[in-house]
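# Structure assessment
So you can see what is in the structure, the chains are spelled out below.
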Amino acid sequence: MLIRNKFKSVRYSIPDMRKSSFLKSSVVAAAMCSAVAAMAGDAKYIFYFIGDGMGAGHAMATESYMRDIRKADMPLMLTFPVTGLVSTYSASSPVTDSAAAGTALSTGSKTRNSMLGMAADTTEVYSIARALKQDGYGIGIVTNVAPDDATPGAFYAHVPERHMYYEIGCQAAASGYEFIAGSNWRGLRGKDGKPTDLPERFASAGYVTVRGTAGLDTVTSGKIVMLCTDSIASDLGYTIDRKDPQATTLVDMTRACLAQMQRVSPDKFFMMVEGGNIDWAGHANDAATIIKEVAHFNDALALAYEFYEKHPDETLIVVTADHETGGMGLGTTFTGYNMRLDLIDHQKKSKDIFNQEIEAMIKSRRIYTFDDIKEKLTEDFGMYTAIPVNEEQDGKLREAFNQTFVDRNSGKRTVTYYKSYSPFVMETFRILGDHYGIGFTTGEHTGCFVPLYAVGVGAQSFTGFYDNTQVPVKILNQAER
Ligand SMILES: [Zn+2]
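Each value, and the rule that gives it
Residues numbered from 1 in each chain as written. Predicted model: local features only at pLDDT ≥ 70, side-chain atom pairs only at ≥ 80, totals over all residues. Heavy atoms only, no water. Patch = residues over 30% accessible without salt bridge, like charges linked within 9 Å, V, L, I, M, F, W, Y side chains within 5 Å. Areas by Shrake-Rupley, 256 points an atom, 1.4 Å probe, with all protein chains shown as cover. Salt bridge = Lys/Arg side-chain N within 4 Å of Asp/Glu carboxyl O. Helix = DSSP H or I, 4+ residues; strand = E, 2+ residues; numbered from the N terminus. Buried < 20%, exposed > 50% of the residue type's maximum accessible area, 1.4 Å probe, protein only. Domains from an automatic or database assignment. Contact = heavy atoms within 4.5 Å. Buried area = accessible area lost by both parts, 1.4 Å probe. Polar contact = N/O pair within 3.5 Å; in protein donor to acceptor, adjacent residues only side chain to side chain. Nonpolar A, V, L, I, M, F, W, Y, C, P; charged D, E, K, R; others polar. Axes fitted to C-alpha atoms, helices over the stretch in contact; angles between N-to-C directions. Parallel < 35°, antiparallel > 145°, perpendicular 65-115°, else oblique. Left-handed = near helix turned anticlockwise from the far one by under 90°. Pairing = 2+ DSSP bridges. Expected span 1.5 Å × (residues − 1). Donors = N, O, S within 2.8 Å, 3.2 Å for Na, K, Ca; no water.

Moving on to a nonpolar patch on the surface. A surface patch of nonpolar side chains, about 270 Å² in accessible area, is lined by Leu85, Phe449 and Phe465. Along the chain, Phe449 turns up in the loop between strand S14 (445–446) and strand S15 (450–456). Phe449 sits in the partly exposed class, given a relative accessible area of 39%.

This is the structure:
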């Protein structure tokens, strides 16, 4: 009864944010969770890793792949001594979006889906990054998607609508944070298509913008914005699609951020690192891409862990997700009590790249036969060779091929938050998922709780089941303030 009441009070008490300060929400949230007493704050170095959309299925599939197929160590986060479970619902829905979830994880305040850095009543609420900056921490924000996307945006922006990219960019420029990294700012052009003053805003605020790792050495002072080398890319690309070993990755950006923190604020700093592509691959229901993305996120985490090993009494690492994406489940009716994750290594590209290629083929003048496409399926995924497509699956593929190629998109397209897929692409990945032994319930987010993993000073306060609004409160309680 007691537990249920406690949960109820969390669920229905959206903090009164009229005073619009983090302190206020901290007090409310801390009162909600009196069972977790605040420990003395000794964490001088705080790493907050957010795997966007990284639920239990994403983590366990990666563990299973590492153990069974790669014969490698399990993902680092799963070795951390403390784990927790975090509820993710927003003020407007049991299924949160990244804006409301990012706001909860950064400010400790529930808000409505699509709102960023504002409570449900549109009062501005402030992130722990801002609070820690006031306490003298150096601040770094890193993502492998756009730096004005919801998760990074929640650490500097206050907007009623997450797509207000120009405003988010302006607020990032005004944040004073020492390092911000991501693909590209989307507010560089206004709605009229004309260039905005965003570059001038960053420059006059003392930021040097570099593209890729090449320009980093030349920056010896000031704050850094690190973007990718491709000036129009919406993200850094999926790990599974990486052909150029020189291409900038989440690991490169995390390393650059850590170097900047040690240079400008060696006594104490806070870094938020987002694996944003895990969510995108989740929306796509693309198991192989998810697993390789989580593994790459884990490589970025390894940099923080190396640092922790040198400063174990002063470092806190917290890894969690803003929500689960895809309803990713391990085990399908097709595989029964089994999975075949060895088969994912035959997948040479993400569903999104495959989708682009299929779209280009549909639009081209060439008439494709099913045999042409079959060859492509073998080449790209090992289908019909390593993956034995049975008669029923072959029939479904041919039917989807006819809808997509012969009758020119006569079948219903599947539209998710980011992409639109033809029946042929959907059928190909349904069959791949069946063989891998991984299924999905949705092309969007789910309302499931997400795991949290912690190591270092104050990590013990992260054990148990609690709401996402309490995560930043717990982190702040461990900080040296
Ligand atoms: Zn998200």
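Once the structure has been displayed, the description carries forward.
Each domain of the protein chain was delimited in the assignment, giving domain 1 (2–172 + 268–328 + 450–478) and domain 2 (330–439). Each partner contributes to the interface: domain 1 provides 23 residues, whereas domain 2 provides 18 residues. Roughly 1,700 Å² is buried in total at the junction of domain 1 and domain 2, and carbon and sulfur atoms are behind 62% of that figure. Our count for the domain 1 to domain 2 interface comes out at two salt bridges. Residue Lys292 pairs with Asp345 through a salt bridge whose shortest N-O separation is 2.8 Å. On the surface where domain 1 and domain 2 come into contact, there are seven residue pairs in polar contact (both at pLDDT 80 or more). For the side of domain 1 that touches domain 2, the elements supplying multiple residues, two or more each, are helix H3 (56–69), helix H10 (277–283) and helix H11 (287–310). In terms of residue count, the dominant contributor to the side of domain 1 that touches domain 2 is H3 (six residues). Looking at the side of domain 1 that touches domain 2 residue by residue, the classes come out as 10 nonpolar, seven polar and six charged.

For the rest of this paragraph, the subject is the side chain of Thr254. Position of Thr254 relative to the elements: it lies in helix H9 (residues 250–264). Sequence-distant contacts of Thr254, defined by excluding residues within four places in its chain, comprise Phe49, Val142, Met271, Val273, Ala300 and Leu303.

So, about the packing of helix H13 (residues 370–381) against helix H15 (residues 423–436). For any two helices packed against each other, one specifies the crossing angle of their axes together with the interaxial distance. Direction vectors running N to C along H13 and H15 enclose 45°, while the axes themselves pass 13 Å from each other. By the angle between their directions, the pair H13 and H15 is classed as oblique. Here H13 runs over H15; the crossing is right-handed. Together, Ile373, Leu377 and Phe381 of H13 and Phe424, Thr428, Phe429 and Leu432 of H15 make up the contact between the two elements. Among the residues making up the contact of H13 with H15, the classes are represented as six nonpolar, one polar and no charged.

Our focus in this paragraph is the sheet that holds strand S8 (residues 315–320). Sheet strands associate in pairs through backbone hydrogen bonding, adopting either a parallel or an antiparallel arrangement. Taken in spatial order, the 10 strands line up as S5-S6-S4-S3-S7-S1-S8-S15-S2-S16 in an open sheet, and their pairing is mixed. The open sheet has two edge strands, strand S5 (207–211) and strand S16 (464–467), and neither has a second partner. Taken over all neighbouring pairs, the strand axes of this sheet differ in orientation by 15° on average, direction set aside. Docked against the sheet, helix H16 (residues 470–478) engages strand S1 (45–51), strand S2 (82–87), S8, S15 and S16, running at close to 110° with respect to S16.

Over its 24 residues, H11 runs 35 Å from end to end, which matches the ideal 34 Å to within 8%, given 1.5 Å per residue. Among the 24 residues that make up H11, 18 are buried, leaving the element largely enclosed by the rest of the structure.

Attention now moves to the coordination of the zinc ion. Around the zinc ion, the protein contributes the donor atoms Asp52 (OD), Asp52 (OD), Ser98 (OG), Asp322 (OD) and His323 (NE2), at 1.8 to 2.8 Å from the metal centre. Sequence spacing among the residues donating to the zinc ion works out to D-x45-S-x223-D-H. With a gap of 225 residues between them, Ser98 in helix H4 (residues 98–107) and His323 in the loop between S8 and strand S9 (324–325) connect regions that are remote in the sequence. Both residues of the pair, Ser98 and His323, belong to the buried class.

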